Amino acid sequence: GKINVALIFGGKSGEHEVSLLSTSSIYKYIDKEKYNVFTIGITKDGKWMYYDGSPENIENGSWIDFVNKNVEINLIPSGNKEVGIIYEDGKTEKIDVLFPVLHGPYGEDGTIQGLFEMSEIPYVGCGVLASSVGMDKIVCKKVFSQLGLPQVNYTDTNRWLFNKDEKTELDLIEDKLEYPIFVKPANLGSSVGISKAINREELSSGIKEALKYDSRIVLEQGVNAKEIEVAVLGNEDVRASIAGEIKPAKDFYDYEDKYINGASTYEIPANISEDDMKNIREMAIKAFKGIDGRGLSRVDFFIDRNSGEIFINEINTLPGFTNISMYPKMWDKTGLKYINLIDELIQLALDSKKLK
Ligand code: ATP
Ligand code: MG
Ligand code: MG
Ligand code: MG
């Protein structure tokens with residue numbers, strides 16, 4: 001029989017819209033001979049809704065007007081209700097595998113993965129630990145550093161410290177780093193809340209902006225660098241794709257460039273030396289294994305244009321997943337087609353259940 005897959009999309013996240021694009025793409029391409037697809041939307045204020053309409057309405061955001069409110073989603077084993085999709089007549093459809101097509105907070109950060117663990121339904125991608133470590137730029141840097149992975153200099157601050165004594169905090173940051181400084185919310189993605197500060201005023205306003213998204217902030221030494229990305233796939237047996245290069249259209253690869261005007265270009269494989277290519281692919285696997293990764297991740301790097309140094313920037317445990325996103329494109333160039341990639345991710349989820 002067919003395998004029941006539930007795509008979970010939207011979510012209480014600054015990356016809600018990105019998830020809609022990733023989901024409609026997976027929905028369109030997934031092998032429908034093999035999988036029955038169910039779609040569960042999460043609104044921006046966190047309400048779960050069963051949706052059984054077209055992928056186009058997911059993509060354009062109008063799905064919310066077409067939800068099926070007679071159908072209940074139950075992920076909590078309660079003793080008097082089955083886990084799965086419960087229809088009006090009480091009939092329950094079992095979910096074989098959950099596919100969180102969510103990015104950012106409440107989707108990529110281990111929170112929903114914890115719920116999935118409780119439901120005992122296999123799910124695509126990283127577990128609780130890897131998701132939360134990968135999402136938290138401050139903790140992740142500490143783990144990468146312990147693994148001996150090279151990184152740019154950084155420091156951090158938080159709302160409480162900054163509001164208590166802004167001047168001291170700015171002084172401390174300026175002692176450690178030189179302009180330009182990248183200001184980032186600790187837990188987010190898609191460049192939301194990120195800015196590049198070239199002086200103290202911009203540093204201050206950048207931190208205030210980032211504090212709208214998170215109470216913890218990371219500050220990084222800005223580098224003039226090539227941006228290289230690698231796709232990683234697997235559970236115990238992990239492989240890395242050939243690396244690609246992102247060429248942002250503007251000063252840096254911001255939200256607008258990523259999803260609105262898409263003016264950036266890319267090159268796969270990246271035009272880098274064989275040594276760098278090998279090195280970066282190995283580092284990507286090391287980072288993935290080091291955070292206890294499972295399923296998939298996209299690992300982002302910088303190669304300094306002046307010194308040639310390689311720095312790991314970050315790991316994204318649920319990277320953008322439209323058919324034209326970097327993660328699937330890098331696999332495609334490595335010889336794994338989008339439809340087969342989706343298939344493999346679901347199989348990895350089903351296998352990981354057996355590993356426990
Ligand atoms: P995503 O999860 O979508 O990949 P993100 O929100 O986690 O993105 P980063 O990848 O950390 O954010 O940073 C976004 C972009 O900002 C990078 O792709 C790069 O263009 C620029 N950037 C970030 N940090 C630095 C840095 N230290 N030096 C130079 N550029 C940087
Ligand atoms: Mg990221
Ligand atoms: Mg991300
Ligand atoms: Mg990134």
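Residues numbered from 1 in each chain as written. Chains lettered and ligands numbered in written order. Predicted model: local features only at pLDDT ≥ 70, side-chain atom pairs only at ≥ 80, totals over all residues. Heavy atoms only, no water.

Quick notes on the overall build of the protein
Point 1. Along its length, the protein carries 12 helices and 17 strands.
Point 2. For 356 residues, the compact-globule estimate of 2.2 N^0.38 gives 21 Å, and the protein sits close to it at 21 Å.
Point 3. In terms of overall dimensions, the protein has a C-alpha envelope of 65 × 50 × 40 Å along the principal axes.
Point 4. When burial is assessed residue by residue, the protein has 55% of its 356 residues classed as buried.
Point 5. A fraction of 66% describes how many contacts in the protein between residues 6 or more apart in sequence connect residues 24 or more apart.
Point 6. Of the roughly 15700 Å² of accessible surface on the protein, a fraction of 48% belongs to carbon and sulfur atoms.
Point 7. Taking the average location of the 42 positive side-chain charges in the protein and that of its 56 negative ones, the two points are 1 Å from each other. (Helix = DSSP H or I, 4+ residues; strand = E, 2+ residues; numbered from the N terminus. Rg over C-alpha atoms; globule rule 2.2 N^0.38 Å. Buried < 20%, exposed > 50% of the residue type's maximum accessible area, 1.4 Å probe, protein only. Contact = heavy atoms within 4.5 Å. Areas by Shrake-Rupley, 256 points an atom, 1.4 Å probe, with all protein chains shown as cover. Lys, Arg positive; Asp, Glu negative; His and termini not counted. Charge placed at Lys NZ, Arg CZ, Asp CG, Glu CD.)

Details of the coordination of the magnesium ion (ligand 2)
Point 1. Surrounding the magnesium ion (ligand 2) are the protein donor atoms Glu314 (OE), Glu314 (OE) and Asn316 (OD1), at 2.0 to 2.4 Å.
Point 2. In this model, the magnesium ion (ligand 2) sits 3.1 Å from the magnesium ion (ligand 3), the two metals being bridged by Asn316. As far as burial versus exposure is concerned, Glu314 and Asn316 are alike and both buried. (Donors = N, O, S within 2.8 Å, 3.2 Å for Na, K, Ca; no water.)

So, the sheet that holds strand 4 (residues 72–74)
Point 1. Pairing is antiparallel across the open sheet formed by three strands, whose spatial order is 4-5-6. Every interior strand has two partners, whereas the edge strands, strand 4 and strand 6 (92–93), have only one.
Point 2. Pairing between strand 4 and strand 5 (residues 84–86): three bridges, direction antiparallel. When the bridges of strand 5 are listed, Glu72 appears paired with Ile86. (Pairing = 2+ DSSP bridges.)

A short note on helix 8 (residues 200–210)
It helps to recall that an α-helix has 3.6 residues per turn; residues three or four apart then point in one direction.
Point 1. For helix 8, every residue scored as buried is listed here: Leu203, Ser204, Gly206, Ile207 and Ala210. The arc that holds the buried residues of helix 8, viewed along the axis, is 165°, so those residues lie on one side.
Point 2. Each element contacted by the buried residues of helix 8 is listed here: strand 8 (154–158), helix 6 (159–164), helix 7 (166–176), strand 9 (181–185), strand 10 (195–197) and strand 11 (216–221).
Point 3. You can read the cap of helix 8 off the contacts: a side-chain oxygen lies 3.3 Å from the backbone nitrogen of Glu201, and it is on Asn199. (Arc of directions from axis to C-beta. Polar contact = N/O pair within 3.5 Å; in protein donor to acceptor, adjacent residues only side chain to side chain.)

Structural notes on the pairing of strand 3 (residues 48–51)
In summary, the side chains of a regular strand alternate between the two faces of the sheet.
Point 1. One ladder, built from four bridges, connects strand 2 (residues 35–42) with strand 3; its direction is antiparallel. Bridge pairing links Ile42 to Trp48 in strand 3.
Point 2. The antiparallel hairpin formed by strand 2 and strand 3 contains five residues in its connecting segment, where Gly46 sits at a positive phi of about 90°.

Comments concerning the domain arrangement of the protein
Point 1. By domain assignment, the protein separates into domain 1 (3–123), domain 2 (133–151 + 223–355) and domain 3 (154–221).
Point 2. Computed from C-alpha atoms alone, the centre-to-centre distance between domain 1 and domain 2 is 25 Å.
Point 3. On the domain 2 side, the residues contacting the 29 residues of domain 1 number 22 residues.
Point 4. Between domain 1 and domain 2, the buried area comes to about 2200 Å², and carbon and sulfur atoms account for 65% of it.
Point 5. On inspection of domain 1 and its partner domain 2, the count reaches one salt bridge.
Point 6. For the pair domain 1 and domain 2, the number of links is 12 residue pairs in polar contact (both at pLDDT 80 or more).
Point 7. Counting only elements with at least two residues in the side of domain 1 that touches domain 2, the list comes to strand 1 (3–10), helix 1 (16–29) and strand 7 (97–100).
Point 8. The element that contributes the greatest number of residues to the side of domain 1 that touches domain 2 is helix 1, accounting for seven residues. (Domains from an automatic or database assignment. Buried area = accessible area lost by both parts, 1.4 Å probe. Salt bridge = Lys/Arg side-chain N within 4 Å of Asp/Glu carboxyl O.)

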